[in-house]
Amino acid sequence: MNKYCLFLLLLLSACSKPLVKPVVDVGERTFRSNYYIDLTGPVRDQFDVVMSVNNLTAENDTFNFAAVYPGSYSLKNFGRFVQKFVALDAVGEEVATEKVNVNQWWLSDPRRIARIEYTIQETWDHPRVVQRIAEMGGSAIEPDFTFINGPSVFGYINGLRDAPLRIHLRHPPDWRRGSDLDLVLAEKDRSDFIAESFDDLNNAPLLLGELDYHAEEILGTKVYMYVYSRTGKIAARPVFDIAKKVLLSAAEFMNGLPAPEYSFLFMFGDRSAGALEHPGSSAYVIRELPLERLEMYLRDVMAHEYFHIVTPLSVRSTPINDFDFQRAQPTAHLWFFEGVTEWASHIMQLRSGLKSQTEFFTRSLRQMILQEMVRPAPKSLQEISLNSYEAPENFRHIYTQGALTAFLLDIRILELSDGKKGLREVIEQLRQEYDRERPFAENAFFQRIVDLSFPEVQAFIDDHIIGNKPLPFEEYLAKIATVYMPHYEPEEARSEAGIYLDIRENVVKILWLDADMTSSGIQRGDVLKQFNDVEISIANYQDFYELISTLEVGESYTLIVERDGEAVQLNCQTIPFRVRHAFQPMENPGQAARALKAAWLRNLP
């Protein structure tokens, strides 16, 4: 390249404008619902909302806060955070209202109402929350940032759920704002957004504050990155660079990026809650650590949330599509919406080279198996799906057991097709058939998967999704030239206790024990209080493993546990250390296994 061309490229680069989310001109458009929030006053962990309305009729007689919202499968009941609720006419006279249940207020004379005022506490720092709201699905109002997931702050009036609305936010000067909502006013101390309906408002959270920002176009998609960092040490550009790797990986797996625009809203601080997906954005609440320690986790979470564009935001069932904010509607296919999505988040990275085979097997797959080892799924994936609202304690199996099931289902379909089609390709066919205008029927989905794959897949579904038979890891991994070992003893002899500890209900519990430890009298659920002369607490329970490793194999020790409110002394012995759930390449695989593994490692045409 000659010096003139290089100079020209540098000049064009320097003169190019950064990608900025545009301000949409709405002209003289009016809205029947306008929400006003002032974020400039003293921080009191609550939102004072003023909602102006016009032309209400008798049908507009109920104000609703969400009991549930899409993307989460447990009751939220945001009305319980409301501290004050009044309706006023045009001259400020109060119009009678009545609270009819935790989430709804009856409006006695809607025709008179000009505005509704209510105070709703933020969910992050609520002092009396019994049923916790995951931070990415709630709200926060802090001195240097504000986060709003639509249903956690805003309500809607009967008859106006599908009506366009406008949000008026006054905030400290120079706060940056991030959202997938259309920005219609961007001033130094004011930001206005519009949504075409309450459903659209639910689908686009808002993050405002002292944010760092970076944006670029990736494969035709405008990608916006907004980052709040409590310490200021995490900038938007390096997080964007991680997201770019994920999106390029996703584009290979999904045959392109389906969203024309996409916003990442990151909050790095002293909490770790995960993320929540939306059609054009995702919100993340992550404990702030050096970015190099977070990268693999961030890749996994971003890949998961982005793939949700496919399921359930596109390929979805009737209960998801015909969503009722006031009534829980369980679906039998959470195993697909979340478990398959979790599988996709890992396999797309493997196939694009973002994850090595070693990382995939030893970190992704092994960690999920270990979690199921510690607490096996008590019911089938279908039962857990259908009972997610009544038994939320089992929901985590959707992500682990669900993803492991998808992993084996992919191998089964690849085997039956001689490596010409896998689970990814079945999902691609489902994308052609189903979307928001064409949801699938709950009772027909299993048959559709069988129709798009092979009749033999029905037996797999019956055994491992409708039923709860153990997953055949050893058999299926052998099909892709991989040896699975439930456990083995390494050559170097050392000792272990054969138990797994974790914090549950603010105590240290024994969640799993090796079969060789059952004769010691240890039981799952025992609360560990003492090891020999060392008291065990939440603060030091991890030291237990190191203390055990100093003993010889077969050496005796004493545990004191609490069981049913009583102290129980147990006399135990160490056992040989075992590596549990290990994988290694098969030494001399047959041609069929080699070919199937080659197909498994790539996205098929």
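Since this is a predicted model, take the numbers as computed values, not measurements. (Residues numbered from 1 in each chain as written. Predicted model: local features only at pLDDT ≥ 70, side-chain atom pairs only at ≥ 80, totals over all residues. Heavy atoms only, no water.)

1. As for the overall build of the protein chain
Secondary structure summary: the protein chain contains 15 helices and 31 strands in total. In terms of overall size, the protein chain behaves like a compact globule, its C-alpha atoms giving a radius of gyration of 27 Å where 605 residues would be expected to give roughly 25 Å. Dimensions of the protein chain along its principal axes, counting C-alpha atoms only, are 80 × 75 × 55 Å. Scored against the burial criterion, the 605 residues of the protein chain give a buried share of 54%. (Helix = DSSP H or I, 4+ residues; strand = E, 2+ residues; numbered from the N terminus. Rg over C-alpha atoms; globule rule 2.2 N^0.38 Å. Buried < 20%, exposed > 50% of the residue type's maximum accessible area, 1.4 Å probe, protein only.)

2. Thoughts on the sheet that holds strand β7 (residues 104-107)
Taking strand neighbours across the sheet as the criterion, the 4 strands line up as β6-β7-β3-β11 in an open arrangement whose pairing is antiparallel. In this open sheet, the two strands that pair with only one neighbour each are β6 (97-101) and β11 (156-157). (Pairing = 2+ DSSP bridges.)

3. Here we look at the pattern of salt bridges
This model, assessed by the stated rule, comprises 39 salt bridges. The partner of R132 in a salt bridge is E135, with the nearest N and O atoms 2.4 Å apart. Given a relative accessible area of 53%, R132 falls into the exposed group. Linking R161 and D199 is a salt bridge whose minimum nitrogen-to-oxygen distance equals 2.7 Å. One end of the pair, R161, is in the loop between β11 and β12 (165-170); the other, D199, is in helix α2 (residues 198-202), and 38 residues separate them in sequence. Salt bridges here are not isolated pairs; linked through shared partners, they connect E489, E496, D514, D516, R578 and R580. (Salt bridge = Lys/Arg side-chain N within 4 Å of Asp/Glu carboxyl O.)

4. Notes on the side chain of S364
Structurally, S364 is set in helix α7 (residues 357-374). Apart from residues lying up to four places away in sequence, S364 is in contact with H346, K355 and E359. (Contact = heavy atoms within 4.5 Å.)

5. Digging into helix α15 (residues 591-600)
Along α15, the residues classified as buried are A593, L596, K597, A599 and W600. One side of α15 carries all its buried residues, which in axial view fall inside an arc of 160 degrees. Looking at the buried side of α15, the elements it contacts are α6 (334-352), α7, α9 (397-416), α13 (473-479) and β22 (482-488). (Arc of directions from axis to C-beta.)

6. Comments concerning the packing of aromatic side chains
One pass over the full model with this rule turns up 47 aromatic pairs. Residues F253 and W343 carry aromatic rings whose centres are separated by 5.9 Å and whose planes lie at 65 degrees to one another, so their mutual orientation is edge-to-face. Here F253 is found in helix α3 (residues 236-254), whereas its partner W343 is found in helix α6, with 90 residues between them in sequence. Here the two residues F253 and W343 agree in accessibility, since each one is buried. Ring centres of F336 and F445 lie 4.9 Å apart, and the angle between their planes is 75 degrees; on these two criteria the pair is classed as edge-to-face. A residue pair is termed long-range when its members are at least 10 positions apart, and F336 in helix α6 and F445 in helix α11 (residues 445-452) qualify at 109 residues. Under the relative-accessibility criterion, F445 is labelled buried at 1%. An aromatic cluster is defined as three or more aromatic residues linked by ring pairs; in this entry it consists of W335, F336, F337, Y434, F440, F445 and F446. (Phe/Tyr/Trp six-rings, centres within 6.5 Å; stacked < 30°, edge-to-face > 60°.)

7. Looking at the environment of Q584
As for its placement among the helices and strands, Q584 is situated in strand β31 (residues 579-585). Ignoring sequence-local partners within four residues, the contact set of Q584 consists of T482, V483 and M485.

8. A closer look at the confidence of the model for the protein chain
Residues with a pLDDT of 70 or more make up 97% of the protein chain, whose mean pLDDT is 94. Across residues 1-16, where pLDDT falls below 50, the model places 2 contacts with residues more than four positions away in sequence or in other chains. (pLDDT = per-residue confidence, 0-100.)

9. Digging into the environment of P164
Here P164 shows up in the loop between β11 and β12. A relative accessible area of 27% places P164 in the partly exposed class. Separated by 38 residues in sequence, P164 and H126 have C-alpha atoms that sit 30 Å apart. Apart from the residues within four sequence positions on either side, P164 is in contact with R29, F31, R32, S33, A195, E196 and S197.

10. Thoughts on the side chain of T123
Considering the arrangement of structural elements, one finds T123 in the loop between β8 (115-121) and β9 (139-141). Exposure remark for T123: the relative accessible area of 6% places this residue in the buried category. Other than its neighbours up to four places away in sequence, T123 contacts F78, F81, I133, G138 and S139.

11. As for the environment of R115
With respect to the element layout, R115 can be found in strand β8. Since its relative accessible area comes to 27%, R115 is described here as partly exposed. Taking the C-alpha atoms as reference points, R115 and Y228, 113 residues apart in sequence, are found 33 Å from one another. Those residues in contact with R115 that sit more than four places away from it in its chain are V50, M51, S52, V53, V86, A87, L88, D89 and G92. Engagement of the side chain of R115 in a polar contact is seen with the side chain of E117, the distance being 2.8 Å. (Polar contact = N/O pair within 3.5 Å; in protein donor to acceptor, adjacent residues only side chain to side chain.)

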